[in-house]
Amino acid sequence: MIIAFFVFLLLGLIAAVTSGAALGYAFVAVSGRLSRGARITWLLVLAAASSVVWFDLVGAANIWRPAIVVVSFTATLVSGITLLAREARMRRAPRYPMPVWPAWTPPTDSR
């Protein structure tokens, strides 16, 4: 009985986290033209909306309702912020610029 409880608990956790993570990644992938501030704001709104959907999907008398809402909100937010940070890191200029020609050396003074 306890094992079945933990199995169903794990399946519910996987369902909430997977859908939230997929939603966060999909939003960041689609919203490339928005500014960073607008993307973060819309990501927060999307995370809240997805957690409200879970709030309605889970039964009214369920004691796990608040935990599922928090897990879904956190998964959506963390996955979206992770992808935003990775995207910003890829857009950043390299720290150590390469020379124009790899074997180029400055000319010497011929005096």
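Refer to the structure printed above.
A few points on the structure. (Residues numbered from 1 in each chain as written. Predicted model: local features only at pLDDT ≥ 70, side-chain atom pairs only at ≥ 80, totals over all residues. Heavy atoms only, no water.)

1. Some remarks on the packing of helix H1 (residues 2–30) against helix H3 (residues 65–91)
Convention followed: Fitted lines through C-alpha atoms give the axes, limited to the stretch in contact for helices. The angle between two N-to-C directions lies from 0 to 180 degrees. By definition, any uninterrupted DSSP run of H or I lasting at least four residues is a helix, any uninterrupted run of E lasting at least two residues is a strand, and each is numbered from the N terminus. Crossing handedness follows the turn of the near helix against the far one: under a right angle anticlockwise gives a left-handed crossing, and clockwise gives a right-handed one. For this analysis, residues touch if any pair of their heavy atoms sits within 4.5 Å. Amino acid classes used here: Ala, Val, Leu, Ile, Met, Phe, Trp, Tyr, Cys and Pro are nonpolar; Asp, Glu, Lys and Arg are charged; the rest, including Gly, are polar.
Contact geometry of H1 with H3 gives a least axis separation of 7 Å together with a crossing angle of 35°. Crossing geometry of H1 relative to H3 is assigned as right-handed. Contact residues: Leu13, Ala16, Val17, Gly20, Ala21, Gly24, Tyr25, Val28 and Ala29 in H1; Ile68, Val71, Ser72, Ala75, Thr76, Ser79, Gly80, Leu83, Leu84 and Glu87 in H3. A per-class count over the contact of H1 with H3 returns 12 nonpolar, six polar and one charged.

2. Some words on the packing of aromatic side chains
Our working definition: Side-chain rings of Phe, Tyr and Trp (the six-membered ring for Trp) are treated as a pair once their centres are within 6.5 Å; stacked means planes under 30 degrees apart, edge-to-face means over 60, and tilted covers the remaining angles.
The full count for this structure, using the stated rule, is two aromatic pairs. Look at Phe5 and Phe6: their rings are 5.4 Å apart centre to centre, the planes differ by 55°, and that puts the pair in the tilted class. Between Phe5 and Trp64 the ring centres are 6.2 Å apart and the planes differ by 45°, which places this aromatic pair in the tilted class. Of this pair, Phe5 sits in helix H1 while Trp64 sits in the loop between helix H2 (36–57) and H3, and the two are 59 residues apart along the sequence. Members of the aromatic cluster, joined through ring pairs, are Phe5, Phe6 and Trp64.

3. Quick word on the layout of surface pockets
As a reminder of what qualifies: Here a cavity means grid points, on a 1 Å grid over the protein atoms only, where a 1.4 Å probe fits yet cannot get out; a pocket means an open set of points with protein on both sides within 12 Å along at least five of seven lines; lining residues are those with an atom within 4 Å of a point. Grid points are joined across faces, edges and corners, and a volume is the space filled by probe spheres set on the points.
Looking at the largest pocket, its volume works out to about 220 Å³. As for the largest pocket, its lining consists of Phe8, Leu9, Gly12, Leu13, Ala16, Trp54, Trp64, Ala67, Ile68 and Val71. Elements represented by at least two residues in the lining of the largest pocket include exactly H1 and H3. When residues in the lining of the largest pocket are grouped by element, the largest group, five residues, is from H1. Here the residues of the lining of the largest pocket sort into nine nonpolar, one polar and no charged.

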